[in-house]
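Summary of structural features
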Amino acid sequence: MPATTSGSLPPPATLTDAQLRGAACVWGGGRLDTSTAVDLGVQPDPQFPGVRWYPRACPACAAGRS
Ligand SMILES: [Zn+2]
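Rules used in this analysis
- Residues numbered from 1 in each chain as written.
- Predicted model: local features only at pLDDT ≥ 70, side-chain atom pairs only at ≥ 80, totals over all residues.
- Helix = DSSP H or I, 4+ residues; strand = E, 2+ residues; numbered from the N terminus.
- Contact = placed C-beta atoms within 7 Å.
- Core = buried A, V, L, I, M, F, W, Y, C linked by C-beta atoms within 7 Å.
- Buried ≥ 20, exposed ≤ 12 C-beta atoms within 10 Å, placed from the backbone.

1. A look at the overall build of the protein
- Helix and strand counts for the protein stand at two helices and four strands.
- For the protein, the α and β elements follow one another from N to C terminus as α-β-β-β-β-α.
- Taking the contacts inside the protein whose residues are at least 6 apart along the sequence as the reference set, 48% of them involve residues at least 24 apart.

Quick look at the structure:
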């Protein structure tokens, strides 16, 4: 089953730019390897209508949340 509901993601206002771009794990904040990163799908930003962000996670965090 693919990923996670958006309700399980942290609020984008609390994340770093790297996390918003999918360059760092959305939960752990660690740098991601493109070959292993788990794509969590394009998410709307609740604070800014029309803005989207691109969370990704490391496999360890994604496994713990699914
Ligand atoms: Zn992680």
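Continuing now.
2. Overview of the nonpolar core
- By size, the foremost hydrophobic cluster in this structure holds 10 residues: A24, C25, V26, W27, L32, V38, L40, A57, C58 and A62.
- The residues contacting A62, other than those within four sequence positions of it, are V38 and A57.

3. Focus: the environment of R31
- Secondary-structure assignment places R31 in the loop between helix 1 (17-21) and strand 1 (38-39).
- Separated by 12 residues in the primary sequence, R31 and Q19 have C-alpha atoms spaced 8.8 Å apart.
- R31 has contacts with A23 and A24, leaving out every residue within four places of it along the chain.

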